[in-house]
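Structure at a glance
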Amino acid sequence: MDSENETGFEPVTGDGPTAPVRDERRAASVRTAFEGMLQIRRLTNTGRGSPESVPARWETLRPIRAIALALEASGLAASAVDDSGLRIATGYRLEQGESPSSVRVEWLGPPGSGAAHAEEDELARCAAVLRELGWTVLLYRGPRRRRFLEVEPPAGVRPPNGG
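Structural notes, computed from the coordinates. Everything numeric in this text was worked out from a predicted model, so none of it was measured.

For the rest of this paragraph, the subject is the overall build of the protein chain. Scanning the protein chain for helices and strands turns up five helices and six strands. Secondary structure of the protein chain in N-to-C order comes out as α-α-α-α-β-β-β-β-α-β-β. Within the protein chain, the fraction of its 163 residues that count as buried is 42%. Contacts in the protein chain between residues at least 24 apart in sequence constitute 52% of all its contacts with a sequence separation of at least 6. Summing over all exposed atoms, the protein chain offers an accessible surface of approximately 8800 Å²; the carbon and sulfur share of this is 52%.

In structure tokens form, the structure reads like this:
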């Protein structure tokens, strides 16, 4: 048995020890999980003209998981680190944002990978995916002028204590 079958499906956040093998089994798991998320939106966002276009409460309570699923389902690559914590793959990395319901999205890679040069275009791709799914996405510049996204649910969908 592989670890995905033993522990259940987990979307990648870019901080794992390795990115999962992108094979047909993983692709099927991602499709199933993403369709499940859209189904939750259809069932819980009733009364909206387009229930799939707004994050469901489930997503606002687990924003890193929801955003990781959306990015992985779109085919964007996640970064990864080795057992010692050194970055070994170029891609998105997610972490808790400024508020409990927000997520910071960075584009990172190993030294010399060119991730810093690709981050503007790659973060724009991440932003497009997330905006299409109803998330509010803002682009910022941080230390060393590196860009990052701050992603949060739209104002009318935020959890009560989530910002």
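The next subject is the pattern of salt bridges. The final tally for this structure, using the stated rule, is 15 salt bridges. A salt bridge links Arg147 to Glu119, with the shortest nitrogen-to-oxygen separation between them at 3.7 Å. Note that Arg147 is positioned in strand 6 (residues 147-152) and Glu119 in helix 5 (residues 115-132), a separation of 28 residues in sequence. Of the two residues, Arg147 and Glu119, both sit in the buried class. Connected through salt bridges with shared partners, the residues Asp15, Arg87, Arg93, Glu95, Arg104 and Glu106 form a single ionic network.

Core analysis: the biggest nonpolar cluster contains 30 residues, and Ile67, Leu71, Tyr92 and Val105 have the highest contact counts within it. Every element with two or more residues in this core is listed here: helix 2 (24-44), helix 4 (63-73), strand 3 (91-96), strand 4 (103-108), helix 5 and strand 6.

This brings us to unusual backbone geometry. Look at Arg144: it is not a glycine, yet its phi comes out positive at around 55°. Mapped onto the elements of the fold, Arg144 is located in the loop between strand 5 (136-141) and strand 6. The phi angle at Arg145 is positive, at roughly 60°, despite the residue not being glycine. When its relative accessible area of 57% is taken as the criterion, Arg145 is described as exposed.

Another aspect to go through is the pairing of strand 5. Examined bridge by bridge, strand 5 and strand 6 share six bridges and lie antiparallel to one another. For Thr136, the partnering residue across the bridge sits in strand 6 and is Glu152. Between the end of strand 5 and the start of strand 6, which pair antiparallel, lie five residues, with Arg144 showing a positive phi angle near 55°.

Right, let's talk about the packing of aromatic side chains for a bit. Aromatic ring pairs are defined here through the distance separating the ring centres and the angle between the ring planes. Taken as a whole and assessed by the stated rule, the structure comprises one aromatic pair. Where Tyr140 meets Phe148, the ring centres are 5.6 Å apart and the plane angle is 25°; that geometry is what we call stacked. On the basis of relative accessible area, Phe148 is assigned to the buried category, the value being 9%. Lying over the aromatic face of Phe148, Arg104 brings its terminal NZ or CZ to 3.6 Å of the ring centre.

This part takes up the packing of helix 2 against helix 4. Closest axis-to-axis distance for the helix 2/helix 4 pair is 10 Å, and the angle between their directions is 125°. As the angle between them shows, helix 2 and helix 4 are arranged oblique. Pair helix 2 / helix 4 crosses with left-handed handedness. Contact residues: Arg26, Val30, Ala33, Phe34 and Met37 in helix 2; Ala66, Leu69, Ala70, Glu72 and Ala73 in helix 4.

Tracing the backbone shows Arg26 in helix 2. The exposure class assigned to Arg26 is buried, which follows from its relative accessible area of 6%. A distance of 2.9 Å separates a polar side-chain atom of Arg26 from the backbone oxygen of Glu10.

As a further point, take the pairing of strand 4. Successive side chains on a regular strand alternate, one facing one side of the sheet and the next facing the other. For strand 4, a buried count of six out of six residues is recorded, marking the element as mostly surrounded by other parts of the structure. Covered by surrounding structure in strand 4 are Val103, Val105 and Trp107 together with Arg104, Glu106 and Leu108, the residues of both alternating faces. Pairing analysis gives six bridges linking strand 3 to strand 4, with the strands arranged antiparallel. Within strand 4, the position partnered with Leu94 by the bridge is Val105. The turn joining strand 3 and strand 4, which pair antiparallel and follow one another in sequence, is formed by six residues. Note: strand 4 against strand 6, three bridges, orientation antiparallel.

Definitions and limits used
- Residues numbered from 1 in each chain as written.
- Predicted model: local features only at pLDDT ≥ 70, side-chain atom pairs only at ≥ 80, totals over all residues.
- Heavy atoms only, no water.
- Helix = DSSP H or I, 4+ residues; strand = E, 2+ residues; numbered from the N terminus.
- Buried < 20%, exposed > 50% of the residue type's maximum accessible area, 1.4 Å probe, protein only.
- Contact = heavy atoms within 4.5 Å.
- Areas by Shrake-Rupley, 256 points an atom, 1.4 Å probe, with all protein chains shown as cover.
- Salt bridge = Lys/Arg side-chain N within 4 Å of Asp/Glu carboxyl O.
- Core = buried A, V, L, I, M, F, W, Y, C linked by side-chain atoms within 4.5 Å.
- Pairing = 2+ DSSP bridges.
- Phe/Tyr/Trp six-rings, centres within 6.5 Å; stacked < 30°, edge-to-face > 60°.
- Lys NZ or Arg CZ within 6 Å of the ring centre and 35° of its normal.
- Axes fitted to C-alpha atoms, helices over the stretch in contact; angles between N-to-C directions.
- Parallel < 35°, antiparallel > 145°, perpendicular 65-115°, else oblique.
- Left-handed = near helix turned anticlockwise from the far one by under 90°.
- Polar contact = N/O pair within 3.5 Å; in protein donor to acceptor, adjacent residues only side chain to side chain.

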